[in-house]
Structure formats: C-alpha cells, structure tokens
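Close look at the chain arrangement
Take a look at the letters that make up each chain.
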Amino acid sequence: MDFLKQIDLSNVPEHIAVIMDGNGRWAKQQGHERLYGHNFGVESVREVLKGAMELKVKYLTLYAFSTENWNRPKEEVEGLMDLLVRTIGGEIDELNEKGIRLMTIGDMNGLPDSCQVELKRAMELTAHNQDTTLILALNYSARWEIMAATKRLAEEIQNGTLTADQIDDKKFSNSLTTVGIPDPELLIRTSGEHRVSNFLLWQIAYAEFYFTDVLWPDFKKEDLFKAVIDYQSRERRFGMVSEQLTK
Ligand code: FPP
C-alpha cells in the first residue's frame, strides 16, 4: 500500500519528535548483543529522515541519548557514543547534499570530547542548510532543561535584568534548549511503551501522541507515513470546541 498517497501534504506536522525505543529487544530477538540493535537503529534514522524530507517536515527531533542512559552498562554507553561519532562524521556530505541542518539539544558538555568535537564540526558544516533540521537529543532530559532554564531566569532576576512578571510562556520557551524551534505537533514512540520518559515535557503540551508496537530497527519510512496519516485523522482543538475551529 502506498501510504504517502494518503497524506494531505498541506497538513503535515512542522515538527515531529521521536522516542526511538526497542533496539535492545530487537537485538535480543535476533540473538545478538544490544549494540547490534543500535547499529541497525541508525538505518531507521536514515529512513525516517528520508521520509520526513519527502513530507517536507521542517524539524525532526530524535531522542538518541537521555541523561538516564548513562546508567546502562559501560560497554553499551561507549558503543553508543562511538556509533554516534562514526555516524555523524560519515554523514556530513549526505546531510549537505540533502539540505539538512544538524542541531542538538541537551547538555553537550557532559558528552565525551570526541563526540563534542564531531558534533560541533557537523553542526558548523551544515548550519546553512534550510530544508529540514535534524535535532538530536543527546544527554538530554526535560527536567534538566526546565531546571536549567529556571536557574537562568532566577539569575536574571537576581542581577536585576528581569522581573518575575516579565516571565511568560514566550520568555520561558526562549530559555529552553529548543529556543527558536516550534513545538512538536506529533510525538512518536516505538516498541509498545506508552511513556514520555522525560522528553520535551514543556514542548509537547499540545502534541498528538502516536504509539506503535514496531521496534525501532524495524521502523521504516512507511511507518512514519502511517503515524502522519493517524495524526491527520485527529482534530486538534487546543482546548476549544469543534465549532470554534471551523470559524
Ligand atoms: C532505545 O532502545 C534506543 C536508544 C537509547 C538509543 C538510540 C540510538 C540510536 C538509534 C543510534 C543513534 C544514532 C544516531 C545517528 C542518531 P533501547 O536500547 O532502550 O531498547 P530496549 O527498550 O529494547 O532495551
């Protein structure tokens, strides 16, 4: 079935966020170590990025490494960092060919130096691209982000450059690591888990959630299209009643 044909291209989310889950279980099903699943997960990243470009999605955010992920076995953490450095380094030309800008959210200072260097290089070399922005959430947690924003605002109040009543929705949003990026309209989580896991808690206030049992290494372009079809079947009311939307 051609799912792309079923999509109304004039009503595609501007920003899609994805919690990529199930690499470990997928690897286990194949009789391999968890890293085998992460390696195949990179193929799904490529697929979904391709699909997002076909739909002209402007922002795609992928939860690649949470602050909680440091608690995983040392060899898995090292393997993931290594995979990230290799993948990013190897993709810069492709990102430029396709007009994709790379950005990150999260606490980059907590990543290994090699990772920081490679990410910085890739971000600089792709900064001019305008078609789609790929945002990797790395060493990210929404509570960390919200606390960091709160501390920054408190400091501004302390040094007299801000008053408490100047803090509104916009000011707070602009203090988050996602400053300048519109909130995601669609949040996808793979592997049958129905949790948000400390991801973009502020930004998903009005997002539609799409959960699928498909494990991340099996998640392909068509699965992204299915999620968008499902999204388009819903009515987004932002607290209003249906009649107000048609006016
Ligand atoms: C979740 O599966 C997956 C991750 C924590 C890592 C995701 C990383 C990649 C797909 C590679 C990233 C590469 C780039 C370039 C973005 P899990 O390990 O939690 O699976 P499980 O729930 O089955 O154990």
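My aim in this report is to walk through the structure given alongside it, one point at a time. (Residues numbered from 1 in each chain as written. Predicted model: local features only at pLDDT ≥ 70, side-chain atom pairs only at ≥ 80, totals over all residues. Heavy atoms only, no water.)

This brings us to the overall build of the protein chain. When helices and strands are tallied, the protein chain shows 8 helices and 6 strands. Secondary structure elements of the protein chain occur, N-terminal to C-terminal, as β-α-α-β-α-β-α-β-α-α-β-β-α-α. For 247 residues, the compact-globule estimate of 2.2 N^0.38 gives 18 Å, and the C-alpha radius of gyration of the protein chain, at 19 Å, lies within 12% of that figure. In terms of overall dimensions, the protein chain has C-alpha extents of about 55 × 50 × 35 Å along its principal axes. Every one of the 247 residues in the protein chain was classed for burial, and the buried ones make up 46%. Looking at the protein chain alone, contacts between residues at least 24 apart form 77% of all its contacts between residues at least 6 apart. For the protein chain, the computed accessible surface area is about 13100 Å², with 51% contributed by carbon and sulfur atoms. Across the protein chain, the mean location of the 29 positive side-chain charges is 1 Å away from that of the 39 negative side-chain charges. (Helix = DSSP H or I, 4+ residues; strand = E, 2+ residues; numbered from the N terminus. Rg over C-alpha atoms; globule rule 2.2 N^0.38 Å. Buried < 20%, exposed > 50% of the residue type's maximum accessible area, 1.4 Å probe, protein only. Contact = heavy atoms within 4.5 Å. Areas by Shrake-Rupley, 256 points an atom, 1.4 Å probe, with all protein chains shown as cover. Lys, Arg positive; Asp, Glu negative; His and termini not counted. Charge placed at Lys NZ, Arg CZ, Asp CG, Glu CD.)

With the rule as written, the count across this model stands at 10 aromatic pairs. Relative to Phe211, the ring of Phe209 has its centre 6.0 Å away and its plane inclined at 85°; by these criteria the two rings are edge-to-face. Taking the relative accessible area as the measure of exposure, Phe209 reaches 29% and is therefore partly exposed. On the basis of relative accessible area, Phe211 is assigned to the partly exposed category, the value being 30%. An aromatic cluster is built from Trp26, Tyr36 and Phe40, whose rings are joined through pairwise contacts. (Phe/Tyr/Trp six-rings, centres within 6.5 Å; stacked < 30°, edge-to-face > 60°.)

For the rest of this paragraph, the subject is the pairing of strand 2 (residues 59-66). Burial of strand 2 is extensive: 7 of the 8 residues sit out of reach of the surface. Pairing between strand 1 (residues 15-19) and strand 2: 4 bridges, direction parallel. Counted as the bridge partner of Ala17 is Thr61 from strand 2. For strand 2 and strand 4 (residues 132-140), the ladder comprises 7 bridges, and the chain directions are parallel. For Tyr63, the partnering residue across the bridge sits in strand 4 and is Ala137. (Pairing = 2+ DSSP bridges.)

For the rest of this paragraph, the subject is a nonpolar patch on the surface. On the surface, a cluster of nonpolar side chains totalling about 380 Å² of accessible area is made up of Tyr206, Phe238, Met240 and Leu245. Along the chain, Phe238 turns up in the loop between helix 7 (221-232) and helix 8 (242-246). (Patch = residues over 30% accessible without salt bridge, like charges linked within 9 Å, V, L, I, M, F, W, Y side chains within 5 Å. Salt bridge = Lys/Arg side-chain N within 4 Å of Asp/Glu carboxyl O.)

Around the ligand, a shell composed of 17 residues is seen, among which Asp21, Gly24, Arg25, Arg34 and Arg72 lie nearest. Between an oxygen atom of the ligand and a main-chain N or O atom of Gly22, the distance comes to 3.3 Å. One of the side-chain nitrogen or oxygen atoms of Arg34 is found 2.7 Å away from an oxygen atom of the ligand. Here the ligand has 630 Å² of accessible area as a free molecule, and 91% of this is covered by the chains. (Near = heavy atom within 4 Å. Polar contact = N/O pair within 3.5 Å; in protein donor to acceptor, adjacent residues only side chain to side chain.)

Turning our attention to the sheet that holds strand 2. A sheet is described by the order of its strands in space; here 6 strands give the open sequence 3-4-2-1-5-6, paired in parallel fashion. A single partner strand is all that each edge strand has here, and the edge strands are strand 3 (100-105) and strand 6 (208-211). Between one strand and the next, the sheet's axes are offset by a mean angle of 20°, whatever the strand orientation. With respect to the sheet, helix 4 (residues 113-126) is in contact with strand 3 and strand 4, its orientation differing from that of strand 3 by roughly 140°. (Axes fitted to C-alpha atoms, helices over the stretch in contact; angles between N-to-C directions.)

The first and last C-alpha atoms of helix 3 (residues 74-98) sit 35 Å apart over 25 residues, in line with the 36 Å expected at 1.5 Å per residue. Most pronounced at Glu91, the bend in helix 3 amounts to some 50°. When helix 3 is considered as a whole, its buried residues turn out to be Glu76, Val77, Gly79, Leu80, Met81, Leu83, Leu84, Thr87, Ile88, Glu91, Ile92 and Leu95. In this structure, the buried residues of helix 3 make contact with helix 2 (34-54), strand 2, strand 3, helix 4 and strand 4. (Expected span 1.5 Å × (residues − 1). Bend = angle between axes of the 7 residues up to and from the residue.)

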